[in-house]
Amino acid sequence: MIRGTTAKITFNIPVETNQISVAYVTFTSDGVVAVEKNQADLVLEDKKIICRLTQAESLSFTPNSRVRVQLRARLKDGTTIASRIRDVTVGNVLKEGII
């Protein structure tokens with residue numbers, strides 16, 4: 001992911017998204033929650049959940065660092081699912097700020 005972009009993270013899940021009652025995606029940096037997206041912020045389609053960051057959110061990450069990201073969800077029948085934790089390297093930009 002590059003800072004200052006509207007980065008997109010896609011999760012492939014084992015169920016249809018219409019079975020999901022609650023979902024969120026968490027981004028941590030240095031062990032601290034940096035960004036959290038709730039279901040209203042996510043795109044759910046078929047067996048995919050798409051999370052897009054704003055420019056401001058991606059700019060909040062430290063350049064040349066590692067961010068960890070994970071999806072967790074509860075299905076309508078009460079069962080829960082989670083993605084494996086992904087380690088994402090954060091690339092820098094030469095010109096800071098939102099364009």
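Above: the structure in question.
Residues numbered from 1 in each chain as written. Predicted model: local features only at pLDDT ≥ 70, side-chain atom pairs only at ≥ 80, totals over all residues. Heavy atoms only, no water.

J.: Help me understand the sheet that holds strand E5 (residues 48–52) in this model?
T.: In sheet architecture, strand pairing relies on hydrogen bonds along the backbone and comes in two forms, parallel and antiparallel. Across the sheet, which stays open at both edges, the three strands sit in the order E1-E5-E4 with antiparallel pairing between neighbours. Bordering the open sheet on either side are strand E1 (8–12) and strand E4 (42–45), each of which pairs with just one other strand. The mean inter-strand angle of the sheet, taken between neighbouring strand axes irrespective of direction, is 20 degrees. With four bridges connecting them, E4 and E5 associate as antiparallel partners. Bridge pairing links Glu45 to Lys48 in E5. (Pairing = 2+ DSSP bridges. Helix = DSSP H or I, 4+ residues; strand = E, 2+ residues; numbered from the N terminus. Axes fitted to C-alpha atoms, helices over the stretch in contact; angles between N-to-C directions.)

J.: Just to check I follow, could you spell out the packing of aromatic side chains for this structure?
T.: Geometrically, a pair of aromatic rings is defined through the distance of the ring centres and the angle of the planes. Overall, the coordinates contain one aromatic pair when judged by the stated rule. Just above the ring of Phe11 sits the side chain of Arg86; from NZ or CZ to the centre is 4.5 Å. (Phe/Tyr/Trp six-rings, centres within 6.5 Å; stacked < 30°, edge-to-face > 60°. Lys NZ or Arg CZ within 6 Å of the ring centre and 35° of its normal.)

J.: I keep staring at the nonpolar core and nothing clicks. Help me out?
T.: As a rule of thumb, soluble globular proteins bury nonpolar side chains together. Within the largest apolar cluster, 24 residues are counted, with the highest numbers of intra-cluster contacts made by Val25, Phe27 and Phe61. For this core, the elements supplying multiple residues, two or more each, are E1, strand E2 (20–29), E5 and strand E6 (66–75). With five residues, E6 is the single largest residue contributor to this core. Not counting residues within four places of it along the chain, the set of residues in contact with Phe61 comprises Met1, Arg3, Phe27, Ala34, Val35, Leu53, Val67 and Val90. (Core = buried A, V, L, I, M, F, W, Y, C linked by side-chain atoms within 4.5 Å. Buried < 20%, exposed > 50% of the residue type's maximum accessible area, 1.4 Å probe, protein only. Contact = heavy atoms within 4.5 Å.)

J.: I tried to follow the pattern of salt bridges on my own but got confused; where do I start?
T.: Any two side chains of opposite charge can pair, given that their charged atoms come close. Enumeration over the complete set of coordinates arrives at five salt bridges. A salt bridge links Glu57 to Lys37; its shortest N-O distance comes to 2.9 Å. Here the residue Glu57 occupies a position in helix H1 (residues 55–59), and Lys37 occupies one in strand E3 (residues 32–38), the gap between them amounting to 20 residues. Assessed through its relative accessible area of 19%, Glu57 is described here as buried. The residue Arg66 makes a salt bridge to Asp87 at a minimum N-O spacing of 3.7 Å. Placement of the pair is Arg66 in strand E6 and Asp87 in strand E8 (residues 86–89), with a sequence separation of 21 residues. Residue Asp87 is classed as partly exposed on the basis of its relative accessible area of 42%. One connected set of salt bridges, linked through shared partners, spans Arg66, Arg68 and Asp87. (Salt bridge = Lys/Arg side-chain N within 4 Å of Asp/Glu carboxyl O.)

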